[in-house]
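# Chains, contacts and geometry: an overview
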Amino acid sequence: MMKKGLLISFILSGFLVYGQEKLDETVYLHVNSTNVLTGESLHFSAYARSESSGEMIDLSRLLYVELIDRKGESRLQEKVELIDGRGDGRLFIPLELETGVFQLVAYTRWMKNTPSWYRQPLTIINPYKSYSASDSLTDQAKLRPLLKDQMITQGTLPSYEKSSAIHFEENIGEASTLSVSVSRINDLSFRKDIDSVQIVTTQKEHDINYYPEYQYGIIQGKSKFTDFWVSSSFQSNEMEVDVLKLDPYGNFLLYYDPSNISTGVGSLISNMTWNGNLDIYPEFYDGYPSFRNPSLEFSDSILADIKARSIHSQLMNAYRDLSASISEKSSSAFLPGDDVRVFVLDEYKRFSSMRNTFIELIFEVAASKNEKNFDLSIRSEYIGTNKAQRKPLILLDGIWVSGKEILGISPYLVEKIEIVTEDYFIGEYAFHGIISVHTFKNDFGGADLSSPLFQILPTQKSQNLSSVKVDIEKLRHPRLEHLLYWDPQVEHPGGDLSIDFYSSNFSGVYEMSIRGVTTSGESVSVVRYFRVE
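Quick caveat, the model's predicted, so the values are computed rather than measured. (Residues numbered from 1 in each chain as written. Predicted model: local features only at pLDDT ≥ 70, side-chain atom pairs only at ≥ 80, totals over all residues. Heavy atoms only, no water.)

## Some details on the overall build of the chain
Each helix and strand counted, the chain has six helices and 30 strands in total. In the chain, which comprises 533 residues, the share counted as buried stands at 50%. Counting only carbon and sulfur atoms, one obtains 49% of the accessible surface of the chain, whose full area is about 25700 Å². (Helix = DSSP H or I, 4+ residues; strand = E, 2+ residues; numbered from the N terminus. Buried < 20%, exposed > 50% of the residue type's maximum accessible area, 1.4 Å probe, protein only. Areas by Shrake-Rupley, 256 points an atom, 1.4 Å probe, with all protein chains shown as cover.)

## Quick look at the pairing of strand 24 (residues 414-426)
The sheet contact formed by strand 19 (residues 341-344) and strand 24 spans four bridges and is antiparallel. Across the sheet, arginine 341 pairs through a bridge with isoleucine 419, a residue of strand 24. What sits between the antiparallel neighbours strand 24 and strand 25 (residues 429-439) is a turn of two residues, in which glycine 427 has the positive phi angle 60°. (Pairing = 2+ DSSP bridges.)

## Describing the side chain of serine 60
If you trace the backbone, serine 60 turns up in the loop between strand 3 (41-50) and strand 4 (62-68). Within the local environment of serine 60, its side chain forms a polar contact with the side chain of glutamate 25, the two groups lying 3.0 Å apart. With residues near it in sequence (within four places) discarded, serine 60 still touches Glu25, Leu82, Thr108, Trp110, Pro212, Glu213 and Tyr214. (Polar contact = N/O pair within 3.5 Å; in protein donor to acceptor, adjacent residues only side chain to side chain. Contact = heavy atoms within 4.5 Å.)

## Points about the sheet that holds strand 18 (residues 278-280)
Reading across the sheet, the three strands line up as 16-13-18 and stay open at both edges, with antiparallel pairing between neighbours. The sheet is open, and its two borders are formed by strand 16 (251-256) and strand 18, each paired with just one other strand. Along the sheet, successive strands turn relative to each other by an average axial angle of 30°, direction set aside. Here three bridges tie strand 13 (residues 217-223) to strand 18, and the two strands are oriented antiparallel to one another. Each residue of the ladder has a partner; that of lysine 222, found in strand 18, is aspartate 279. (Axes fitted to C-alpha atoms, helices over the stretch in contact; angles between N-to-C directions.)

## Here we look at the pattern of salt bridges
A full pass over the atoms with the stated rule returns 13 salt bridges. Taking the shortest distance from any N to any O, the salt bridge between arginine 531 and glutamate 533 comes out at 3.9 Å. A network of salt bridges, in which partner residues are shared, links Arg61, Glu81 and Asp257. (Salt bridge = Lys/Arg side-chain N within 4 Å of Asp/Glu carboxyl O.)

## Section: unusual backbone geometry
Threonine 114 connects to proline 115 through a cis peptide bond whose omega is -15°. Structurally, the position occupied by proline 115 is in the loop between strand 7 (100-107) and strand 8 (116-125). If you check the backbone angles, aspartate 84 has positive phi at about 55° while not being a glycine. Looking at the secondary structure, you find aspartate 84 in the loop between strand 5 (74-81) and strand 6 (86-92).

## Some thoughts on the sheet that holds strand 22 (residues 393-396)
On the basis of which strands lie adjacent, the open sheet formed by five strands has the order 19-24-25-22-23 and mixed pairing. Of all strands in the sheet, those with a lone pairing partner are strand 19 and strand 23 (399-400), marking the two edges. Pairing of strand 22 with strand 23, which is carried by two bridges, proceeds in the antiparallel orientation. In the strand pairing of strand 23, leucine 396 is matched with isoleucine 399. In the packing of helix 4 (residues 354-361) onto the sheet, the strands contacted are strand 19, strand 24 and strand 25, and the crossing angle to strand 24 comes to about 65°.

## Focus on helix 4
Buried residues of helix 4: Met354, Arg355, Thr357, Phe358 and Leu361, and no others. Along its buried surface, helix 4 packs onto strand 19, strand 20 (365-367), strand 21 (376-378), helix 6 (403-407), strand 24 and strand 25.

## A word on the pairing of strand 10 (residues 165-173)
Across a regular strand the side chains alternate sides, sitting on one face of the sheet and then on the other. By the alternation rule, side chains of strand 10 split into Ile166, Phe168, Glu170 and Ile172, which are all buried, and Ala165, His167, Glu169, Asn171 and Gly173, of which none is buried. Where strand 10 lies against strand 28 (residues 495-502), eight bridges are found, and the strand directions are antiparallel. Bridging from a neighbouring strand, alanine 165 pairs with tyrosine 502 of strand 28.

## Considerations on the side chain of serine 310
For serine 310, the position within the fold is in helix 3 (residues 300-318). Serine 310 sits in the buried class, given a relative accessible area of 9%. Of the polar contacts made by the side chain of serine 310, one reaches the side chain of tyrosine 128; its length is 3.2 Å. In contact with serine 310, other than residues within four places in its own chain, are Leu37, Pro127 and Tyr128.

## Concerning the packing of aromatic side chains
A complete count under the given rule lists 22 aromatic pairs for this structure. Ring centres 4.4 Å apart and planes at 50° place the aromatic pair tyrosine 107 and tyrosine 285 in the tilted group. Here the residue tyrosine 107 occupies a position in strand 7, and tyrosine 285 occupies one in the loop between strand 18 and helix 3, the gap between them amounting to 178 residues. Taken as a pair, tyrosine 107 and tyrosine 285 share a single burial class, namely buried. For the ring pair tyrosine 510 and phenylalanine 530, a centre distance of 5.6 Å and an interplane angle of 10° mean the geometry is stacked. Linking tyrosine 510 in strand 29 (residues 508-518) with phenylalanine 530 in strand 30 (residues 523-532), this pair joins segments that are 20 residues apart in sequence. In this pair, the class of tyrosine 510 matches that of phenylalanine 530, namely buried. Of note, lysine 112 hangs over the ring of tyrosine 285, and the distance from its end group to the ring centre comes to 5.6 Å. (Phe/Tyr/Trp six-rings, centres within 6.5 Å; stacked < 30°, edge-to-face > 60°. Lys NZ or Arg CZ within 6 Å of the ring centre and 35° of its normal.)

In structure tokens, the structure reads:
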């Protein structure tokens, strides 16, 4: 943790130089479709680029994605991890959303200094709710058929049978980072002049109020006071604690590893008498302008297509394999280092209280028999008599708590206790050992926590749905997919790019879309159409 503190100081000083050079970051999202039905998922691949060179840039670790309605209110939010400027994720479109045109926006923390964001209009159709054009802030823009205006003029499309193997080869030339989508298209697409993507920048000259999340996520806030320390801790897959002293203006920046955050529940504590003096800045933008969205027109053919697609989507959801989405509880050690003692309480005799559990079972921890003494400490045999008065770091399901909170829960709700007897450093702060208690349900065992809790959004994992070769004859469910192929991250060495997938039993016109960036910073955009009959 000492190395982490030195690294962060180096990074921050470096970004002050970046800011002086006006290093600007832009993002782009490649989506699998610009129209989605409620109950479906929108998949996206993210690119973070240098505005000046166009090349990929590794300035930010996290990307923030939101779905904004016509009033400028955020309806859905996701957070995606970026590695070398690349990431991907999905938005599940819930039944609560109404039919209309929304704005898909994306940005990094660094972009909030401008402020700026990427924007993509997105049509959402809810077949279970009524819709009228008056629900939108309308202008003269209307939907019109994509096939008639943009595709018939391209000549005869290649045709494939249902449930057949399809192979495409496309020469990309230069080495590139790409994303590939193959999905069915319909008349629910904007006119080209409406369906534009853009970076919205409200001011060019700006101060640096938000440091980039280069290697760690950031919790930023402010206090009315200055001469105190503040710490964050999280319910997480591994121990995630940071502590620092407030700066002369009461500001604080606390860091966390996004890959470790499981529930997003965190806690702030300090040595102030009242923790309510700590204010956390929001992760996402706290407001957007109203958008003048085009109204939607539904012809009989569009309504028939929506009905068929909705039925197909429900059928595919019924056959969806849920096993991949069920996550098992990690059996790895929560605490860092090799010298961790783990006591799984089911392997021992259970005692009537946590106090007796420590006294009778865990010799490394000193607990008083006095019911009014709630101190827990690592015994001096392990840390030395000169450090015996120092305090250990005490955690309950990852959250920094006091000994009183640990001793107040029922031991029958506790799965395991992990102990580190050696000194542990977080920046300039030293703890004499760690006591970490984990409940079965990861719910603090009903403890009334004295420190305030806050919530951040956990980082979404990569969503790779690229088609794999299967024996079509042995399938026991219908193939009615709207999305045939999705590979959000393709590292292409250059030359011919091969794409193999299967068509579904859903007839119609399909679009293969390849987007990306070459190593020299040039954009890649390839679109091909074919028909399934």
